[in-house]
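# What the coordinates show
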Amino acid sequence: MLSYILKRLAIAIPTLLVLIVISFLLMHSAPGGPFTSERELPPQVLANLNAKYGLDDPLWKQIGSYVWGIVSDFDFGPSFVYKDRSVNEIIAQGFPITLTYGLLSFAVAVIVGVSLGVAAAVRHNSLLDYVAVGVSIGAQVLPNFVMAPILVLVFTLWLGWLPGGGWQGPEYWIMPVIALSTSFMASIARITRSSMLEVLTSNHIRTARAKGLPERRVILRHALKPAMLPVISYLGPAFVAMITGSVVVDIYFSTGGIGKAFVDSALNRDYAVMMGVTILVGALTIFFNLVVDILYGWIDPKIRY
């Protein structure tokens, strides 16, 4: 198992380095610059700013300094707009908020989705199955940018039960979590149901039932683990999608997460913050895909060889 993990790491680390370089090159090739505005700066002022941030260095030197800063000190450099703040400080302020409701949304989506999918498969062609499938289909067509305004309209403006924005306590978490988890919960439920139905018709399940094992034990001990393989492969990208989907949640609910920082950096041409958030999301994508690969190898040892 250790050699399998090391092989996965040997792929993940170079991939992350390539991501950093590509992000830097794409941002560097964008038209204009971080100090371009409607009111053109005097040439001497622009030259001083470029010298201060190292933008007048050769491209290879800028890339080398940027990559080395991230690898050695996890330093994304200074913000081009907020003179007294670094990119690390901006991310450190918003990322804990994004991570909090991202993890809560992930937990809700997995627990409800897996439970709904297993129940629908076990009670195949029953009323419970039809209700679970109907709920999944309905939730699938409600992405976060549709759910967010609906939730604000119903629970804040009409009923007045929940605050429409901010991040001061648990009552502020409810609507962002629902908005972010609904469509993912539906996808997990559908995948779990399909996989579980396939496993329940396999030979080892028929053998377990023929031995007289209780149905609960057959489901939990013999069917659930192999049925989780397709679900696990979906969870890595799903979690990262929840983090990136926080842009919409931040805008609608004013939570103060990194989504708002990313949008502001795009509007203000703060390329350093844009690159920092992009690389952070890319690193999360690589990390959770690595976790999925390791879980795959743990559940099904044949994958390691």
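Every chain's residues receive numbers from 1 upward, in the order its sequence appears when written. Given that the model is predicted, a residue must reach a pLDDT of at least 70 before its local features are reported, and side-chain atom pairs must reach 80 or more before they are shown or counted; all residues, however, enter totals for whole chains, interfaces and linings. The basis for every side-chain value is the complete set of non-hydrogen atoms in the structure, without hydrogens or water.

### Focus on the overall build of the protein
Put simply, the test is: To qualify as a helix, a DSSP run of H or I must reach at least 4 residues; to qualify as a strand, a run of E must reach at least 2; elements of each kind are numbered from the N terminus. Think of it in three bands: residues with accessible area under 20% of the maximum for their type are buried, residues over 50% are exposed, and the middle band is partly exposed, with areas taken using a 1.4 Å probe on protein chains only. Here a residue-residue contact requires only that any non-hydrogen atoms of the pair lie within 4.5 Å. The Shrake-Rupley method, run with a 1.4 Å probe sphere, supplies the accessible areas, and residue values consider only the shown protein chains as cover.
From N to C terminus, the protein includes twelve helices and zero strands. In sequence order, the secondary structure elements of the protein are arranged as α-α-α-α-α-α-α-α-α-α-α-α. Taking all 305 residues of the protein together, the buried fraction comes to 39%. Excluding contacts between residues fewer than 6 apart, the proportion of contacts in the protein whose partners are at least 24 apart in sequence is 72%. On the protein, roughly 16,400 Å² of surface is accessible, and the fraction owed to carbon and sulfur atoms is 68%.

### A few points about the environment of Ser136
Mapped onto the fold, Ser136 is located in helix 5 (residues 127-140). Each C-alpha atom, one on Ser136 and one on Met185, is 7.6 Å from the other, the two residues being 49 residues apart in sequence. Among residues more than four places away in sequence, those in contact with Ser136 are Leu116, Ala186, Ala189 and Arg190.

### Concerning the nonpolar core
What counts, and what does not: To form a nonpolar core, buried Ala, Val, Leu, Ile, Met, Phe, Trp, Tyr and Cys residues must be joined to one another through side-chain atoms within 4.5 Å.
Ranked by size, the top nonpolar core spans 39 residues in total, and within it Tyr101, Met196, Leu200 and Phe253 carry the most contacts. Among the elements of the structure, helix 4 (87-122), helix 6 (144-158), helix 7 (174-200), helix 8 (203-210), helix 9 (215-244) and helix 10 (246-253) are those that each provide at least two residues to this core. Considering each element in turn, this core owes the most residues, eleven residues, to helix 7. Core analysis: the second largest hydrophobic core is formed by 29 residues, Met27, Phe80, Phe239 and Met275 among them.

### What to know about the confidence of the model for the protein
Put simply, the rule reads: Per residue, pLDDT captures the predictor's confidence, and it can take any value from 0 to 100.
Here the protein averages 81 in pLDDT, and 88% of its residues register 70 or above. Mean pLDDT per element in the protein: helix 2 (residues 43-52) is the minimum at 71, and helix 7 is the maximum at 89.

### Looking at a nonpolar patch on the surface
Formally: Like charges are joined within 9 Å and nonpolar side chains (Val, Leu, Ile, Met, Phe, Trp, Tyr) within 5 Å, but only among residues with over 30% relative accessible area and no salt bridge; these make up the patches. Throughout this description, the term salt bridge denotes a Lys or Arg side-chain nitrogen within 4 Å of a carboxyl oxygen of Asp or Glu.
Among the surface-exposed residues, Leu153, Leu157, Trp158, Leu159 and Trp161 lie close enough to one another that they form a single nonpolar patch of about 620 Å² accessible area. For Leu153, the location among the structural elements is in helix 6.

### A few points about the environment of Lys225
Mapped onto the secondary structure, Lys225 falls in helix 9. Sequence-wise, Lys225 and Met196 are 29 residues apart; in three dimensions their C-alpha atoms are separated by 9.6 Å.

### With respect to the UniProt feature "transmembrane region" (unreviewed entry) in the protein
Where we set the bar: UniProt positions are given in the numbering used here, feature names are shortened, and annotations may be inferred rather than shown by experiment.
UniProt annotation of "transmembrane region" (unreviewed entry) refers to residues 101-122, 142-161, 173-192, 231-253 and 273-299 when read in the numbering used here. Taken end to end, residues 101-122 comprises 100% helix and 0% strand; its first and last C-alpha atoms sit 31 Å apart.

### Topic: the packing of helix 6 against helix 7
Packed helices, taken two at a time, are described by the angle their axes make and the gap between the axes. Quick reminder of the rule: Helix axes use the C-alpha atoms of the stretch in contact, all axes being lines fitted to C-alpha atoms, and the angles between their N-to-C directions lie in the range 0 to 180 degrees. If you view the pair so one helix is near and one far, a crossing is left-handed when the near helix is turned anticlockwise from the far one by less than a right angle, and right-handed when it is turned clockwise.
Relative to each other, helix 6 and helix 7 sit at 145 degrees, their axes nearing to 8 Å. Judged by the twist between their axes, the crossing of helix 6 over helix 7 is right-handed. In this structure, helix 6 contributes Asn144, Met147, Ala148, Leu151, Val152, Phe155 and Thr156 to the contact, and helix 7 contributes Met175, Ile178, Ala179, Leu180 and Thr182.

### Some details on the pattern of salt bridges
A full pass over the atoms with the stated rule returns two salt bridges. The salt bridge partner of Arg193 is Asp129, with a shortest N-O separation of 2.8 Å. Of this pair, Arg193 sits in helix 7 while Asp129 sits in helix 5; the two residues are 64 residues apart in sequence, bridging distant segments of the chain. Across the pair Asp264 and Lys260 runs a salt bridge, and its minimum N-O distance is 2.9 Å. With Asp264 and Lys260 both in helix 11 (residues 258-268) and four residues apart, the pair spans about one turn of that helix. Given a relative accessible area of 36%, Lys260 falls into the partly exposed group.

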